[in-house]
Structure formats: structure tokens, C-alpha cells
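Descriptive structure summary
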Amino acid sequence: MLDLYKLDIFTRVVAAGSLSKAAEQLHMTQSGVSQHIRALEDALGTELFARGRRGVELTAAGQRLLSYCESIFRLVAEAELAVTDVAGLRAGQLTIGVTPGVSAYLLPEWVQMFGQRYPNLAVSTQTGTTPAIVAELRSGTLDLGAIEGELDNADTDLQQHPLREFDQYVIVGRRHPWWGRDEVQLSELAGQPMVMRQSSSQTRAWLDQALREQSLTPRVIAELDNLESIKRMVMIGTGLTILPLYTITAEQEVGALHPIPISGRPLRRTLRLLWRAARPLSPVAYAFRQMLVAHYGR
């Protein structure tokens, strides 16, 4: 009889592309992973991987087994979801990967809401870029991902659920001449000193593209990888920035930052939940997803 544990290790190796990467994700030694794969191959009487310098590739038999594994684990997950009462669990954990803005300004409320509903369950979080979260979802390290913005159309192995669209605002400090304005045209940003995310971030790539579509080239005076640093620079009068409202709630309440709506053609980004398409969500992850869907009303 096939061992589900070994089949799971097999699928992790496929997703990781190498024994060493799979071992790292599974917190095992490479030799331990190799022994499980060899035992599975011995039990089936066929090689599942062709091993090379760059990693491993599935053989024809491995491809067939992978297809069955996807069906097997889908049925296991569906059975678990069908009969599990999440509220009655004495223990359980969800692992979610989130982008920096979600981590700092939205995630704490999510964890609090979940803890109030399910006090016996824990939430483990990782903060990273969208590409890093996608990679961790594919490897099976994460149950869910939450990102601000876009998902590559090529990521067909992931499911996504848009939670809410957030308008982006021009953010200024008290010393800025635009303080108190009710609205601003996007074209007015031409020549304005701006504080922005680092050029390698997906948020920055999205914003640059949105401005290019309006034939605007931003005058970037600072590039920072931390939203708190960006807000601090704007507060002391160093240019302006573009952020969603949820990132400046505290500063707006005390009158330290002022959000200005963009009129005409506002900028919007979508908050999305992601998970692997190959396997249904675990009962705990499903409960977390449903809580957020209800919270955002979508």
C-alpha cells in the first residue's frame, strides 16, 4: 500500500525541483528525503526522477504518479474539510505569507478576529514579496498568501480570491503646500518630489507603469524599502508619496499626514488571497479564508 507520507515528500520534491530544496522546506536532511524517494521507487519498481546537476526531473512514471497524487490529496483534503468542525478543534495552525503593507497594517486585525472566533488555533505568518509568497505556496510551505496588487497570468497553479479594491491616495505632510487639498489630478504629480518604494518591489513596478500610462515620469528623491520610513520622510516635509488609506490611519487621526484623493482616473490595487490550486484548503485555512471573505463582504 502506498504511504501517504512518502507521496507527500514526493510532491514536495516535484514542487521544489531538487532534493536539497525539498529537504530544507521539510526540515529534513537531504539524505532523509532521498531515502524516502528511493523507498517509494523500490515499492513501485520504477524510477520516478531523473537526477541531474541542476536538480531532478520527473520520469514518465513520475508524471503519472504526480497526477494520481494530486487526486489523492485533493480527496483527502475534501474529506477532512467535509467532516471537521473547526470550532471544536483543540489545536491547529495556519501559515500565511503576506506582503509588507498587509503585514503591518491589516494582518494584526485579521489575527485578532480569528483568535476571537477560534481561541485554540494559531496563526503563523511570514512577510515577503509577491514572488517569494508565490514560491512558498507552490512548495507547500504556506497555506495561504495575501498580496496587494497583481498576480502574474502565468500563475495558473494558484487560486485567487479578490477581497477588496483599495484606492491609492497622494499622501503629504503638514509642511507640504498641498496640505488640506480635497483632490489632485494625476498630471499634477509631474515634477513633484516623491518618496517611493525601492525599484525592485512589485508595488514600485506597478506605480511606475501607472504613471507611464499617463506620460508621467516621477521625480524620485528617495527610495525606501520600509513603509514606516516612507511615511516618516513625508511627515517631516520631504516630498510626497502614494499609499492606500489603511497604511496611514494612525497618522491621519493625529493630523500628521493628509491623504488627497486622485480625481479623474484614480489609482487602485486589489487585495487578494492566494492558495494552491492542486489541493483544497485545510479546514483551518478554509475557516480563515471565509472569515476574510465575510469581513470584506465579497
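Criteria and thresholds
Residues numbered from 1 in each chain as written. Predicted model: local features only at pLDDT ≥ 70, side-chain atom pairs only at ≥ 80, totals over all residues. Heavy atoms only, no water. Axes fitted to C-alpha atoms, helices over the stretch in contact; angles between N-to-C directions. Helix = DSSP H or I, 4+ residues; strand = E, 2+ residues; numbered from the N terminus. Left-handed = near helix turned anticlockwise from the far one by under 90°. Contact = heavy atoms within 4.5 Å. Nonpolar A, V, L, I, M, F, W, Y, C, P; charged D, E, K, R; others polar. Parallel < 35°, antiparallel > 145°, perpendicular 65-115°, else oblique. Polar contact = N/O pair within 3.5 Å; in protein donor to acceptor, adjacent residues only side chain to side chain. pLDDT = per-residue confidence, 0-100. 1 Å grid on protein atoms, 1.4 Å probe; cavity = no way out; pocket = protein on both sides within 12 Å on 5 of 7 lines; lining within 4 Å. Points joined across faces, edges and corners; volume = space filled by probe spheres on them.

Running from N to C, helix α1 (residues 4–16) and helix α4 (residues 60–83) cross one another at 115°; their axes reach a closest spacing of 10 Å. Both α1 and α4 take part in a crossing whose hand is left-handed. Judged by residue contacts, L4, L7, D8, F10, T11 and V14 of α1 engage G62, L65, L66, C69, I72 and F73 from α4. Considering only residue class, the contact of α1 with α4 consists of 9 nonpolar, 2 polar and 1 charged.

Further remarks concern the packing of helix α2 (residues 19–26) against helix α3 (residues 30–44). α3 packs onto α2 with a crossing angle of 110° between their chain directions and a minimal axis gap of 8 Å. The orientation of α2 with respect to α3, classified from their angle, is roughly perpendicular. Contact residues: α2 offers L19, S20, A23 and L26, while α3 offers Q30, V33, S34 and I37. When grouped by side-chain class, the residues that make up the contact of α2 with α3 number 5 nonpolar, 3 polar and no charged.

Looking now at the side chain of T241. Mapped onto the elements, T241 comes out in strand β10 (residues 241–244). One polar contact links the side chain of T241 to the main-chain carbonyl oxygen of V195, over a distance of 2.8 Å.

Take the confidence of the model for the protein next. Across the protein, pLDDT averages 91, with 99% of residues at or above 70. The weakest mean pLDDT in the protein belongs to strand β1 (residues 49–52) at 87; the strongest belongs to strand β11 (residues 257–260) at 97.

This part takes up the layout of surface pockets. Roughly 510 Å³ of volume is contained in the largest pocket. Taken together, 21 residues form the lining of the largest pocket, with D143, R279, P280, L281 and S282 sitting closest to its centre. At the level of elements, α1, α4, β13 (267–276) and α11 (283–296) are the ones that each hand at least two residues to the lining of the largest pocket. For the lining of the largest pocket, a count of residues per class yields 11 nonpolar, 4 polar and 6 charged.

To continue, consider empty space enclosed by the protein. As enumerated under the stated definition, the model contains 3 cavities of 30 Å³ or more in all. Taken as a whole, the largest cavity spans an internal volume of roughly 260 Å³. For the lining of the largest cavity, the secondary structure elements donating two or more residues are β6 (158–173), β8 (193–197), α8 (202–212), α9 (227–235), β10 and β13. Split by residue class, the lining of the largest cavity holds 13 nonpolar, 6 polar and 4 charged. Empty space within the second largest cavity amounts to approximately 130 Å³. The wall of the second largest cavity is formed by T99, P100, G101, T129, T130, E148, R197, S201, Q202, T203 and R269.

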